Amino acid sequence: MRRGPRAARARSLPRPGPAPQGRGPAFVYSKLRCWVAVDRAPALAEELDATERVADWIRARDEIRAAIEQRGWSEKAGAYAQAFGSDVLDASVLMMPIVGFVAADDPRMRATIDAVRERLTGEDGLVYRYLATDDGLPGEEGTFLLCTFWLAEALALAGETEAVREVFERAARCANDVGLPSEEVDPVSGELLGNFPQAFSHIGLVNAAWAIHEASSAA
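Residues numbered from 1 in each chain as written. Predicted model: local features only at pLDDT ≥ 70, side-chain atom pairs only at ≥ 80, totals over all residues. Heavy atoms only, no water.

A. Expanded view of the pattern of salt bridges. For the structure shown, the criterion picks out nine salt bridges. The partner of R40 in a salt bridge is D39, and the shortest N-O contact between them spans 2.8 Å. Residue D90 pairs with R129 through a salt bridge whose shortest N-O separation is 2.5 Å. Taken together, the positions of D90 in the loop between strand 2 (79-80) and helix 4 (95-98) and R129 in the loop between helix 5 (107-119) and strand 3 (143-144) put the pair 39 residues apart, joining distant regions of the chain. For the pair D90 and R129, a shared accessibility class is recorded, and that class is buried. One salt-bridge network, in which partners are shared between bridges, spans D39, R40, R61 and D62. (Salt bridge = Lys/Arg side-chain N within 4 Å of Asp/Glu carboxyl O. Helix = DSSP H or I, 4+ residues; strand = E, 2+ residues; numbered from the N terminus. Buried < 20%, exposed > 50% of the residue type's maximum accessible area, 1.4 Å probe, protein only.)

Now the structure itself:
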């Protein structure tokens, strides 16, 4: 059971987000993933003969949660930010309600969802991972299908059953003639960019579709 201890140790280290921006500030997305590891680890402790580690995992989980809430929220952005002490908006924080860190209708999370929808959505209706930040990568980014599906899933979890369909269907239409999605989409030409086919985009589509189904059934 190595992931729990590693995540507990890594919580204090600066880590990149879901794409390889390189070393830098403490990204909220990476802290969130450390939280997920130590949040789930106790459920496996008995099976893996690691019950003596549970108290440490729980302590690490609570410390990570407190750090994200205290240092990952930006009053200026009115949303959870890309990194601790940053005011940059980053769509990767949409994972917070998806992994169960916070409810989608929590006031802070709801404000974050609205901010991503208003400020990171391009004219094509798809979501940019972030804007106006030097990530050390050459060229300009397209809109990300995975981030758009994250927005759809977050909206579904927040009970926005009408608004979510437009977001989801716009992203789903970007698949090719045999239903395979790319990583990114050119916001001007609509050309499929990046890794292709992209499994992360497909996983995002499936998860968002299921969340929409569940939200619609509960409505």
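Okay, back to it.
B. Structural context of helix 5. For helix 5, which comprises 13 residues, the first-to-last C-alpha distance of 18 Å matches the rise-based estimate of 18 Å (1.5 Å per residue) to within 8%. Three or more residues of helix 5 are buried, namely M109, T112, I113, A115 and V116. Seen along its axis, helix 5 keeps its buried residues to an arc of 160 degrees; they face one direction. Exposed side chains of helix 5 directed beyond 90 degrees from the buried face belong to P107 and E118. Two or three places before R108, at the opening of helix 5, D106 has a side-chain oxygen 3.0 Å from that residue's backbone nitrogen. (Expected span 1.5 Å × (residues − 1). Arc of directions from axis to C-beta. Polar contact = N/O pair within 3.5 Å; in protein donor to acceptor, adjacent residues only side chain to side chain.)

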